[in-house]
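Structural overview
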Amino acid sequence: INITTDYGLSTMTKVAGETGASIKSLRNYFFDKKLPKGKEGEYLAQFIENGTRTGYSQPRTIDELKNDFQKLNKTLDANNNDIRYPFLKFRNKTVKFGKDVLNLFDNTNLTLENAVRYSAFKTLLKKGESLDTASKYAKDLTVNFNKKGMLTNSIAPAWLFVNAGVQGVERMTRPFFTGKAKNATSTYAKVATVGFLSAMLARILGGEDEDKKYFYD
């Protein structure tokens, strides 16, 4: 909603119009590791290189990586006479299949998660905004899963979705501290009005029961 308050509804309409092409470009990148040709490829390269993409990440420790490489080296050793070798080889194939399935879901999630962000990124660059500004808006378009405070890990077990809650409040109040309160107030008022009118319309169209009470209520 911060793009709407800062740039208007027309910009959000352009972002929506870019989404289809963005999904196609991101799908090719995440699944096939290929960048599109031409200007689209330049935009996507900037989007990736500037750290604008977001998604779930769980870095592995050095010891975990070392252990995996040792197991892989032993499995690929042609002189390995370990009686468990055939079973280890079968297990590794099974694990590889499982990882391929997980990668399918992960790449699909990355494509969909970043589609609107990438669309916003391209739209703002085309409007003449700087690379940093476009990246900031795209990254913070919804909850930025790669951003958290120092106490998030400590609070999260006791307060579910604390990161999303805090970021949501920050997004809503940010315009009032950045000199864009007028646009934000107008946008929030329109959203509240639409919600109020929708509820009233539902009551009118829903009809009443025998006790003259609205079904909506």
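The coordinates are above.
Please read all numbers here as calculations on a predicted model, not as lab measurements. (Residues numbered from 1 in each chain as written. Predicted model: local features only at pLDDT ≥ 70, side-chain atom pairs only at ≥ 80, totals over all residues. Heavy atoms only, no water.)

Next up on the list: the overall build of the protein. Helix and strand counts for the protein stand at 9 helices and 0 strands. In the protein, the order of α-helices and β-strands from amino to carboxyl end is α-α-α-α-α-α-α-α-α. For the protein, the proportion of its 217 residues judged to be buried stands at 26%. Pairs at least 24 residues apart make up 63% of the contacts formed inside the protein by residues separated by at least 6 positions. Only carbon and sulfur atoms are counted for the fraction: they give 62% of the accessible area of the protein, which is about 15200 Å². (Helix = DSSP H or I, 4+ residues; strand = E, 2+ residues; numbered from the N terminus. Buried < 20%, exposed > 50% of the residue type's maximum accessible area, 1.4 Å probe, protein only. Contact = heavy atoms within 4.5 Å. Areas by Shrake-Rupley, 256 points an atom, 1.4 Å probe, with all protein chains shown as cover.)

Together, Met 150, Leu 151, Ile 155, Trp 159 and Val 166 give the surface a local cluster of nonpolar side chains, amounting to about 590 Å² of exposed area. Locating Ile 155 in the fold gives a position in helix 7 (residues 152–155). (Patch = residues over 30% accessible without salt bridge, like charges linked within 9 Å, V, L, I, M, F, W, Y side chains within 5 Å. Salt bridge = Lys/Arg side-chain N within 4 Å of Asp/Glu carboxyl O.)

The next point concerns the environment of Ala 16. Mapped onto the secondary structure, Ala 16 falls in helix 2 (residues 9–32). Note: C-alpha distance between Ala 16 and Val 116 (100 residues apart in sequence) is 7.4 Å.

Let us look at helix 2. Look at helix 2: 34 Å from first C-alpha to last across 24 residues, which is about the 34 Å you get at 1.5 Å a residue. Residue Thr 19 marks the point of greatest curvature in helix 2, where the axis turns by about 40°. The complete set of buried residues in helix 2 reads Thr 11, Val 15, Glu 18, Thr 19, Ser 22, Ser 25, Leu 26, Tyr 29 and Phe 30. (Expected span 1.5 Å × (residues − 1). Bend = angle between axes of the 7 residues up to and from the residue.)

Our next topic: the packing of aromatic side chains. For the coordinates displayed, the defined rule picks out 4 aromatic pairs. Arranged with centres 5.4 Å apart and planes meeting at 70°, the rings of Phe 47 and Phe 121 form a pair that is edge-to-face. Remark: Phe 121 occurs in helix 5 (residues 85–126) and Phe 47 occurs in helix 3 (residues 39–49); sequence separation between them is 74 residues. As far as the burial class goes, Phe 47 and Phe 121 line up, both buried. Seen from their ring centres, Phe 176 and Tyr 188 are 6.2 Å apart, and the 40° between their planes marks the pair as tilted. Here the residue Phe 176 occupies a position in the loop between helix 8 (162–173) and helix 9 (181–206), and Tyr 188 occupies one in helix 9, the gap between them amounting to 12 residues. With relative accessibility at 42%, the residue Phe 176 sits in the partly exposed group. Taken together through their ring pairs, the aromatic side chains of Phe 47, Tyr 118 and Phe 121 make up a single cluster. Sitting over the face of the ring of Tyr 43, Lys 39 holds its NZ or CZ atom 5.5 Å from the ring centroid. (Phe/Tyr/Trp six-rings, centres within 6.5 Å; stacked < 30°, edge-to-face > 60°. Lys NZ or Arg CZ within 6 Å of the ring centre and 35° of its normal.)

A few words on helix 8. With 12 residues, helix 8 ought to run about 16 Å at 1.5 Å a step, and its terminal C-alpha atoms sit 17 Å apart, in line with that. Among the residues making up helix 8, those that are buried are Val 162, Gln 167 and Arg 171. Within helix 8, the buried residues cover an arc of 160° as seen down the axis, which keeps them to one side. (Arc of directions from axis to C-beta.)

Our focus in this paragraph is the nonpolar core. Leu 26, Leu 44, Phe 47, Tyr 118 and Phe 121 are the most contacted members of the largest nonpolar core, which totals 16 residues. Mapped onto this core, the elements with two or more residues apiece are helix 2, helix 3, helix 5 and helix 6 (131–139). In this view, Leu 26 contacts Leu 44, Thr 111, Asn 114, Ala 115 and Tyr 118; residues no more than four positions away in its chain are not counted. (Core = buried A, V, L, I, M, F, W, Y, C linked by side-chain atoms within 4.5 Å.)

One can describe the packing of helix 2 onto helix 3 by two numbers: an axis separation of 11 Å at closest approach and a directional angle of 65°. With respect to their mutual orientation, helix 2 and helix 3 come out roughly perpendicular. The chirality of how helix 2 crosses helix 3 is right-handed. Mapping the contact onto sequence places Ala 21, Ser 25, Leu 26 and Tyr 29 in helix 2 and Glu 40, Leu 44 and Ile 48 in helix 3. Among the residues making up the contact of helix 2 with helix 3, the classes are represented as 5 nonpolar, 1 polar and 1 charged. (Axes fitted to C-alpha atoms, helices over the stretch in contact; angles between N-to-C directions. Parallel < 35°, antiparallel > 145°, perpendicular 65-115°, else oblique. Left-handed = near helix turned anticlockwise from the far one by under 90°. Nonpolar A, V, L, I, M, F, W, Y, C, P; charged D, E, K, R; others polar.)

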